[in-house]
Every structure is written in C-alpha cells, then in structure tokens.
Amino acid sequence: MIGSLLAAWLVAAQGPVEAPVRVQRATSPLRLDGVPDEAAWQAADSITDFTQRDPAEGRPATERTVVRLLATDGGLYVALWAYDSQPAAIRRTQLRRDAEFEADDAFSILLDPLHDERSGLTFTINPNGALEDAEVVSFEEDNEEWDAVWDARARVGASGWTAEILIPWQTLRYRPDAEVWGANFRRVIRRKNEEVLWRAWRRTEGLLFMAAEGTLVGLSGLPPRRAAEVRPYAAVSGAARELAYRADGSDSVVARGRAEAKGGGDVKVGVTGSLTLDLTANTDFAQVDVDQQVVNLTRFPLFFPEKRPFFLESGSIFDFGQSARQQLFYSRRIGLAPDGTAIPLVAGARLTGRIGRERVGLLALRTGGDEDAWDLVARVRHDVLDRGHVGAMLTSRSVGGAMAGGADFNLPFVVRGQNLVVLGFAGATWDSSGAPAGGAARLAIDYPNDRWDNFIGVNVTGPRFDPALGFILEADAVRHTGRIEFMPRPHRWGIRRLDFILLSWDVTTHLDGARSHSSFTVVPIGGELESGDGLFVSLDRFEDAPEEAFEIFPGDTIPAGRYWYNRAEVEMESSAGRPVSVNVTASAGDFYTGTGTELETSLTVRLAPHVVADVEWTQQEIRLAGRRFTARASGLRLDVAATPRAGGTLFLQHDNESDRLGVNARLHWIPKPGSDVFLVWNGRWPTGLAGGIPWSKPQRRQLVAKVVYYFRM
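Counting of residues starts from 1 at the beginning of each chain's written sequence and follows it residue by residue. A pLDDT threshold of at least 70 governs which residues receive local features in this predicted model, and a stricter bar of 80 or more applies before side-chain atom pairs are shown or counted, although totals over entire chains, interfaces and linings include all residues. Side-chain numbers here rest on the full set of heavy atoms in the structure, without hydrogens or water.

(A) Layout of the overall build of the protein chain. Of regular secondary structure, the protein chain possesses three helices and 48 strands. Radius of gyration: over C-alpha atoms. The globule rule applied is 2.2 Å multiplied by the number of residues raised to the 0.38 power. For 713 residues, the compact-globule estimate of 2.2 N^0.38 gives 27 Å, and the C-alpha radius of gyration of the protein chain, at 27 Å, lies within 12% of that figure. Throughout this description, buried means an accessible area under 20% of the type-specific maximum (1.4 Å probe, protein chains only), exposed means over 50%, and partly exposed covers the range between. Considering the protein chain as a whole, with its 713 residues, one finds that 49% of them fall into the buried category. Should any heavy atoms of two residues lie within 4.5 Å, those residues are counted as being in contact. Of the contacts formed within the protein chain by residues at least 6 apart in sequence, a portion of 58% connects residues at least 24 apart. For the protein chain, the exposed surface amounts to about 31900 Å²; the carbon and sulfur share of it is 57%. Where helices and strands are cited, they refer to DSSP runs of H or I of at least four residues and of E of at least two residues respectively, numbered from the N terminus. Shrake-Rupley sampling with a 1.4 Å probe provides the accessible areas, and residues are treated as covered by the protein chains on show and by no other component.

(B) Looking closely at the confidence of the model for the protein chain. pLDDT expresses how confident the predictor is about each individual residue, on a scale running from 0 to 100. Across the protein chain, the average pLDDT comes to 92, with 98% of residues at or above 70. Here residues 1–15 scores under 50 on pLDDT; set against residues more than four positions off or in separate chains, the count is zero contacts.

(C) Up close: unusual backbone geometry. The omega torsion across Asp54 and Pro55 is 5°, close enough to zero to call that bond cis. Mapping Pro55 onto the fold places it in the loop between strand S4 (51–54) and strand S5 (65–71). Phi at Asn282 is positive, roughly 50°, even though this residue is not glycine. Tracing the backbone shows Asn282 in strand S20 (residues 275–283). Its relative accessible area of 34% is what places Asn282 among the partly exposed residues.

(D) Examining the packing of aromatic side chains more closely. For this analysis, a ring pair means two rings from Phe, Tyr or Trp (six-membered ring only for Trp) whose centres lie within 6.5 Å, classed as stacked if their planes differ by under 30 degrees, edge-to-face if by over 60, and tilted for the remaining angles. Applying the stated criterion to the full structure yields 26 aromatic pairs. For the ring pair Trp681 and Trp685, a centre distance of 6.2 Å and an interplane angle of 45° mean the geometry is tilted. Of the residues examined, Trp681 reaches a relative accessible area of 28% and is grouped as partly exposed. Through pairs of rings, three or more aromatic residues link up here, namely Phe542, Phe550, Tyr563, Tyr565, Phe591 and Tyr592. The rule for a charge over a ring is simple: NZ of Lys or CZ of Arg within 6 Å of the ring centre, and within 35 degrees of the ring normal. Just above the ring of Trp81 sits the side chain of Arg68; from NZ or CZ to the centre is 4.8 Å. Its end group placed over the ring of Phe310, Arg350 keeps NZ or CZ at 4.6 Å from the ring centre.

(E) Broad picture of the pairing of strand S42 (residues 611–624). Pairing geometry for strand S41 (residues 594–607) and S42, over 13 bridges, is antiparallel. Its bridge partner being in S42, Glu600 is matched across the sheet by Thr618. One bridge is not enough; two strands pair if DSSP finds at least two bridges between them. Linkage of S41 to S42, two consecutive antiparallel strands, is achieved through a turn of three residues. Sheet analysis places S42 next to strand S43 (residues 627–643), joined by 14 bridges and oriented antiparallel. Bridging from a neighbouring strand, Arg623 pairs with Arg628 of S43. In sequence, S42 turns back onto S43 through a hairpin of two residues, with Gly626 there showing a positive phi of about 80°.

(F) Looking closely at the side chain of Glu543. For Glu543, the position within the fold is in strand S36 (residues 534–544). A polar side-chain atom of Glu543 sits 2.9 Å from a polar atom in the side chain of Arg515. We call two N or O atoms a polar contact when they sit within 3.5 Å, provided that within protein one can donate a hydrogen and the other can accept it, with sequence-adjacent residues counted only if both atoms are side-chain atoms. In terms of polar contacts, Glu543 uses its side chain to reach the side chain of Ser518, at 2.7 Å. With sequence-adjacent residues up to four places away left out, Glu543 is seen in contact with Arg515, His517, Ser518, Arg562, Tyr563 and Trp564.

(G) Molecular detail of a nonpolar patch on the surface. For patch building, the residue pool is restricted to those with more than 30% relative accessible area and no salt bridge; the joining distance is 9 Å between like charges and 5 Å between nonpolar side chains (Val, Leu, Ile, Met, Phe, Trp, Tyr). Between Lys or Arg on one side and Asp or Glu on the other, a salt bridge is scored when a side-chain nitrogen of the former is within 4 Å of a carboxyl oxygen of the latter. A cluster of nonpolar side chains, namely Trp452, Ile484, Leu502, Leu503, Val522 and Leu539, defines an oily patch on the protein surface of about 450 Å² accessible area. Among the structural elements, Leu502 can be located in strand S34 (residues 500–509). Taking relative accessible area as the criterion, Leu502 reaches 46% and is therefore assigned partly exposed.

(H) The pattern of salt bridges, seen in detail. Under the defined criterion, the tally for this structure stands at 54 salt bridges. Residues Glu313 and Arg350 are paired through a salt bridge, measuring 3.8 Å at the closest nitrogen-oxygen approach. Residue Glu313 is located in the loop between helix H3 (309–312) and strand S21 (321–322), and its partner Arg350 is located in strand S23 (residues 345–355); the two are separated by 37 residues in the primary sequence. We classify Glu313 as buried; its relative accessible area is 18%. On the basis of relative accessibility, which here comes to 2%, the residue Arg350 falls in the buried class. Each of Asp54, Glu57, Arg203, Asp450, Arg489, Arg496, Arg497 and Glu530 takes part in a single network of salt bridges with overlapping partners.

(I) Quick peek at the sheet that holds strand S22 (residues 326–327). Here three strands make up an open sheet; going across it, the order is S21-S22-S31 and the pairing antiparallel. Every interior strand has two partners, whereas the edge strands, S21 and strand S31 (471–472), have only one. For S21 and S22, the ladder comprises two bridges, and the chain directions are antiparallel. By the bridge assignment for S22, Gly321 is matched with Gln327.

(J) Spatial organisation of the side chain of Arg354. Tracing the sequence through the fold places Arg354 in strand S23. In this structure Arg354 comes out as buried when scored by relative accessible area, which is 7%. Within the local environment of Arg354, its side chain forms a polar contact with the side chain of Asp383, the two groups lying 2.9 Å apart.

(K) Structural detail: the environment of Gln620. Tracing the chain through its elements places Gln620 in strand S42. Given the relative accessible area of 14%, Gln620 is considered buried. With 505 residues separating them along the chain, Gln620 and His115 place their C-alpha atoms 51 Å apart. If sequence neighbours within four positions are ignored, Gln620 has contacts with Leu297, Thr597, Glu598, Phe629, Thr630 and Ala631.

(L) Representation of the nonpolar core in the model. Residue types Ala, Val, Leu, Ile, Met, Phe, Trp, Tyr and Cys, when buried and joined through side-chain atoms within 4.5 Å, form a set referred to as a nonpolar core. Counting 39 residues, the largest nonpolar core has Leu69, Phe107, Phe123, Ile165 and Phe185 as its most contacted members. Breaking this core down by element, the ones donating at least two residues are S5, strand S6 (75–83), strand S7 (106–112), strand S8 (121–125), strand S11 (151–157), strand S12 (160–168) and strand S13 (181–189). Ignoring any residue separated from it by four or fewer positions in sequence, one finds Leu69 in contact with Val21, Val23, Gln24, Trp41, Ala44, Asp45, Ile47, Leu76, Tyr77, Val78, Phe185 and Leu216. Listed in part, the 19 residues of the second largest apolar core include Phe310, Ile334, Leu345 and Leu365.

(M) Molecular detail of the environment of Glu621. Tracing the backbone through its elements, the reader meets Glu621 in strand S42. When the C-alpha atoms of Glu621 and Trp181 are compared, they prove to be 56 Å apart, with 440 residues separating the residues in sequence. With residues near it in sequence (within four places) discarded, Glu621 still touches Thr595, Gly596, Thr597, Arg628, Phe629 and Thr630. Within polar-contact distance, the side chain of Glu621 engages the side chain of Gln619 at 3.0 Å. Polar side-chain contacts of Glu621 include one of 2.8 Å to the side chain of Thr630.

(N) Broad picture of the environment of Val380. Examined against the element boundaries, Val380 turns out to sit in strand S25 (residues 373–384). Along the chain, Val380 and Gly594 lie 214 residues apart, while their C-alpha atoms are 50 Å from each other. Discounting residues that sit within four places of it in the chain, Val380 has contacts with Glu358, Arg359, Val360, Val390, Gly391 and Ala392.

What follows is the structure in structure tokens.
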C-alpha cells in the first residue's frame, strides 16, 4: 500500500508524461514544393498542441499550427501548416541562406537523433523558403555558423503559409537501431512578437532546452549513412598590382599582379553513427565575408569572430574558457596572420562526435608558406548530471613547441523551476624552452532566468599565460565581474517587459593588487514594448590605469596614470518586424583627460520578397587636454536575392583610423543542396590623401570565381 502511494506520488511530482509522436513511413513519392497535399500526409500523426512562451506564457497559441512527419528512403520530411487570420500581414523579407529571421515569421525544428538531450540540431525556414541551421551548444546558445545539407520549400496562401522540409539521413548522426529521437518545434508570428512551442514552452526553457524536448518514435531500421560526402572545389582568381600610397597621393608598386588557379576539397566520413571524420586539402576560404572595420579607442586587442566554414562546423566542442577574454583555443590563430592575411592551409583532419558519455573533438592542421607548422587540438567532455559536463583540452603548435592544456566544468541545475549554472576552468601554457609555465583559471555562477538574470565570476590570468593557439585580453590580471538584472512583466500600458540593471561591474587588478581598469553600470530605465520597440538609459563609471602611454588614435596618446570618468547613455531600438527600423545609441560624458560624445546609428530597410539594406554609422567626438579628434566608422550592406538559392551581397565600409575604404561584392548560387558557385570581388582604396580618393587606381583589387560540387559515395 505504502509502495503504491509512493510510486503514485513520484509520477505526480514528475508531471504528466507526454505521448510520443509516431513517424510514419511514406509509401508513395513526395514532391518538395511547399504544398503538403499528397495523400501520405493525411495518414501521418498531427502535432497541434502549441503553447505560448511569449507574450502570454502557458496560454494556447493565438494561431493554429499543424506539423506532420514522414520517413522516406532519402530522409525525414516535415510538413507545416501555419494558419494565420491575417495572411497579408505575414512577415517575409529574407531569402538569403543563413540570414537571421529576427524580422520574419519563422518555423524551427529541433532534432536530437541520439536522444542524449545534448547533441541537438536546429533547422529553420521562413515563409519565403529561406534556410537557416545551427547546432546546439547549450540551453542558452547555439552555433549558427554550422551548415548542413538539407532543403525546403514554402508557400503563402489564403489561410496562412505552408512548408515542406527534407532533411537527408546523411545529414544526421544517429544509431540505426535506435527507435526514439528527441524533437521540438517552434513557430514565431512576427507581427505579434509571439513565440509558440510544442514542448519546453516555459520562459526558463525554450527551443534549445532539450531536457524538456518531446519524443519521436518509429525511426528504427533507418538506412546507414553513406561512407563519405565529398566536396571538391575549383577556383580561379586574378589580383591587380598592389599599391602603396603616400600622404601627397603619390604611389608605388609593392606587389605585381597575379593570376592563380587552384583546387582542393573536403571529405566527410561517417566513422560510426555518432562519429564523423572531416578531411580537408588545399583549403580555400575566398567566399568568406570580410571582417568588419572598427575603430579601437582602447589599449586592448580587438577580437574578431571566426567565419571560415571548416572551423565553424562542430566548432562548439572546442570551446574552452571565456569567449574574447580567456580562450585556450581561438581558431583564427591557424591559417591567418595577425593582420588577417591568409596563410596556406595545406591539409587538415577533424574527428568529432560521441563515444558513449564522452563528446570528443580532435583537430590536426598543417599550414604552409612562411609559417610551416603543425597545429593539434584534442578535446573531451564527459556528460554529468542531466545537461552538464566536465572536460579537458590540450593544444600544441610545432613552432617553438608551444603547448597549452586544462580542465573545465559546466554544471547546470534547475532549482525550483529556475536555472542555475556553476562553471569554471583551470589552464596552463608552456613551451620547449624550459621557461616557467603560465596559468589561468575562472569560476562563475550564472542565474539566467526570465525575471532575474544574475551573474558573478572571477577570472585569474597569470603573467606567463600565453596560449599560442588561444586568445587572452590581458595577462597578469584578476578580473571580478557580476550583474544583477531584474526584468518584471507588468502586462499593461503596452509594455512587454521592463529591464533594470541594478548593478553590473567589471573590476580588474594586477596580481600584485594594483588596479588595471574597471567599469560599473546601472540601468534605471529600460524595457521592451509589445511592438518590439525598446528604450534603455544607462549610467556608467569607468576607471583605467595604464602603466605606459598608449596611442588611442593616430597622433593622439593617453599618458600613463589613473583615470576615473562618468558617462550616460541612451539607446532606442526599433522592432525588427518593421519594414524600416532605426536603432540609435548616444552617450556623453568624461573621457580620460577630457570629454567625449558618441553617436551610433543603424538604419535597416526590408522589402519583401528580399531586398535588405543596412546602413551603420558611428562617430566619436573626443576632446582631450589640448587635443581634439573625431573617430568615424561607417558601413553599407545591400542584400538582394531572386530565390533562396541565388542572391548577392554588396558590403562597403570605411573608418578614418585606418583611412581605408573597403568593398566586398559576392554572388552566390546553390545549384543543388551542398553545391555552391561563388563570384567574389574585393577592392580597397586609401582615403585621407591630399588629392582625394584615387578611384581609378585601387590599392588592392581581386576577382575570385569558385565552384564547389557535392556528392555522396
């Protein structure tokens, strides 16, 4: 009797058990045209119970959504019926592959084929049929740079929009004998800023919260993955002579023009159902977006994100440390010189995936040219708790025998329905010279929830910690950080959520206790309207104590000393769902020995079916003791597409610190999923010369044509 009551209590405490959805096998061919009207769809199980996560948590969705799934010999088909009472108001401005859908209606699929609640993949489509994909890093983060081979079509009709998605089995990692997969589905109705999910709809959860995912059954007996996926490429490029300009406008030739043809490729091998080996030879990244030009008015190095596909896929397994602060591995150290110029990547191999409760990553790369080095990275994470891990990493560079290693942990808990994460790491660096090793460590506690989002942490970086394949903002530092943020939802006056930062701090000292720099921020006014518009007012206090003078702008130097200064900032954000949105951030106050004002603006115009123009402009007026200068940076990005598989981008940018105008133009055609054709033109002109910009004689210019063909073996 007591045992029966205890069992009943445990079941009740766990909540109702959600019934799994059975994936039927299609017995007749399916057309991928965005209209799921074949007879096979009518026999499939329907998913209709979608619940709001925002704006009204726990309430039924305001528009009906139906999802069905079918298994075929080629892959998993997913059909969507996104009913809408105002179909003319459906937002759909993006067509480009991997564009962000913050302005559009969208439908997302989360798949967890290994059903480990950790190794999820997401696939997103908008009403135009544009594709976006990502791999899950944690319940708070995904890697949107991951690209998969899949396809989809969508149609807008009189009752809403429909879509058909095909995800080939080859794209997924699964065990052929496993019957149960994890899954979830999300729909965003942009004009209402409404987010609805099948499972994990609580505000403390969301699409990436795989512990609350639903289940799919009927997926046993799937075909094994093909032995290999192959992507050979051929590229031709032509570069005009490179010029160096003097201030008076005269020039000289520093490099002759050249033409080049090259080939290479990538091979993906399915070692097991959960392990993948990627091989690359004579790797080329000519199609990758250029880095954004920025003006750096600090004494610390800038951090630029990785954009090269080989390093982005499954890149999250190699995360170790705090991004842009203390990273044991920073992939841009491989194949890129400090000034951003390419170093030949001769060959490489990457093994990633799962072995039982271990997630592993091995990376070996050979660079050529003047560098001529071998780089090795080994990473392992062991699953602990429901979503946590403990892990280790080792990196090695043949040049100088530089090595780095460490151990880390990430332990997420759910306490009374709220997220609590404890995380940290300890690392060391050494080389073959016999010099003393360097060390670094971090410990932090995070409380990332809907009403309160709090954080506290401490980072220690020793004076000799210098990972050859990593990134550190500064050595010889102890950094204390934290934030207390309160975000109530008043449910009135058109306000969706208020946002108050009671205090945010970043205090850094040297190991001997001397101050290095610090900042303190309070946000007394902040919030988001139901429309998606937002307003934030912040009050900031900064400290900086440089031990040596540093150049803040060409010709302007900040002397060594200790500086305290106060600033105020106002930020206004337009909803991304508007056809025209404007974001403005203005700040003013003290700045080192004088004063400074900053104005940062961005204007975005979105026209359906797909024309997106972004204009960004930043100006900083600095008045120091006896000196004055203005720093400017601006950019224009024009994105035009004819279909989700054919489009072009024009990117112009300029800053008056480097006095450089850069132009990047790219055409991209996807003849079939996995294959690509690129035509890329890059140009650079000097500015600030006595005679103006020499338009007829660019400093650099290059044209590249590249073809990538995808096939399976």
